[in-house]
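# Observations on the three-dimensional arrangement
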Amino acid sequence: MPSQKEYNVKIASLGNTAKVTKTMNMVSTAKYRKAQDAQGSSKLYSDQLNQVIAGLAASGGELSHPLMKTSEVKKVLVITFTSDKGLCAGFNNNLIKFVENFRRDKADKYETIDFITCGKRGYNAIRKENNVIANYDDKTSNPEFDTAREIGDKVQKLFIDGDYDQVIIANNNFVSALSQIPTLTTLLPVSGAAAEETESTENATDYIYEPGQAELLSYLLPKTVNFQVFKAFLENAAGEHAARMAAMDAASTNAKDLIQKYTVLRNRARQAAITTELTEIVAGAESLK
């Protein structure tokens, strides 16, 4: 059985750990609230963009744009979003496993599956067995639109030039503070048919567009693609802070439970030591008689 001193060292160490995890939980809570507000606003804005595209699709015109061209999918580019730091439970590992399962399932179907990674955790895992054409570190915790626009412009050029037939976003879809679901979303080609589903033709308003539909589409689609990348950044940030908040709360609880456990064991060890000393004193007194 460990000595009282050893138990005291363990209890002190666990106390320090509990202080650290509680502080990290408080920091993550503050960041989570800000990230959640940004994520919610981005979802509303994304819905509005989809409604505009749906209005164009439902107006009866022929939608045509290089970002909407479809062809047989042979070359795929996947943009993955993870965190740069750990201590957020299975947030990163769940997405990495999800992406790897997708790659293995589609390996026979596609000629090429390349990656753009956002976040150190995803890059370190994915680069081992895959071709990563670009990586963006230290960008996911505090997303900036300039980074999303850089990535969006890059993938649009690669798609238009024919380097890839499809661009997919892989990220944790933020559902709630306790639920982040790994999800694949097609970024390119932009689907007019998918946009139409957001607004039925029966309920669609007949708008007069100025400028014309083709010019409006040319202006709108590149910005929509860039914003979808930014939205994925915001979803990832909200999920990361929520996962770390929950993980640090669980770690604090576990540390307190272990402190209680080791305190009981230390008291038992102290009682055993006292009993041993008393036994030795009594035995010594008896031997002197």
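Presented here is an overview of the structure given in this document. (Residues numbered from 1 in each chain as written. Predicted model: local features only at pLDDT ≥ 70, side-chain atom pairs only at ≥ 80, totals over all residues. Heavy atoms only, no water.)

## Here we look at the packing of helix H4 (residues 145–160) against helix H6 (residues 213–288)
Packing of H4 against H6 brings their axes to within 8 Å, and their N-to-C directions diverge by 125°. What the angle tells us is that H4 and H6 run oblique. Seen from above, H4 lies across H6 with right-handed handedness. Judged by residue contacts, Phe145, Thr147, Ala148, Arg149, Ile151, Gly152, Asp153 and Gln156 of H4 engage Pro222, Val225, Asn226, Phe227, Val229, Phe230 and Phe233 from H6. Among the residues forming the contact of H4 with H6, the class breakdown is 9 nonpolar, 4 polar and 2 charged. (Axes fitted to C-alpha atoms, helices over the stretch in contact; angles between N-to-C directions. Helix = DSSP H or I, 4+ residues; strand = E, 2+ residues; numbered from the N terminus. Parallel < 35°, antiparallel > 145°, perpendicular 65-115°, else oblique. Left-handed = near helix turned anticlockwise from the far one by under 90°. Contact = heavy atoms within 4.5 Å. Nonpolar A, V, L, I, M, F, W, Y, C, P; charged D, E, K, R; others polar.)

## Some thoughts on a nonpolar patch on the surface
Together, Ile274, Leu278 and Ile281 give the surface a local cluster of nonpolar side chains, amounting to about 300 Å² of exposed area. Residue classification places Ile274 among the partly exposed positions, given a relative accessible area of 44%. (Patch = residues over 30% accessible without salt bridge, like charges linked within 9 Å, V, L, I, M, F, W, Y side chains within 5 Å. Areas by Shrake-Rupley, 256 points an atom, 1.4 Å probe, with all protein chains shown as cover. Salt bridge = Lys/Arg side-chain N within 4 Å of Asp/Glu carboxyl O. Buried < 20%, exposed > 50% of the residue type's maximum accessible area, 1.4 Å probe, protein only.)

## Topic: the sheet that holds strand S4 (residues 166–176)
Taken together, the 5 strands give an open sheet; going across it, the order is S3-S2-S1-S4-S5, and neighbouring strands pair in mixed fashion. Of all the strands in the sheet, just strand S3 (131–136) and strand S5 (179–188) have a single pairing partner and so form its edges. Across the sheet, the axes of successive neighbouring strands diverge by a mean angle of 25°, strand direction being ignored. Inspection of the sheet shows strand S2 (residues 112–118) paired to S3 by 5 bridges, in the parallel sense. Opposite Phe115, over in S3, you have Val132 as the bridge partner. Where helix H2 (residues 91–106) meets the sheet, its contacts fall on strand S1 (75–81), S2, S4 and S5, and the angle it forms with S5 comes to roughly 45°. (Pairing = 2+ DSSP bridges.)

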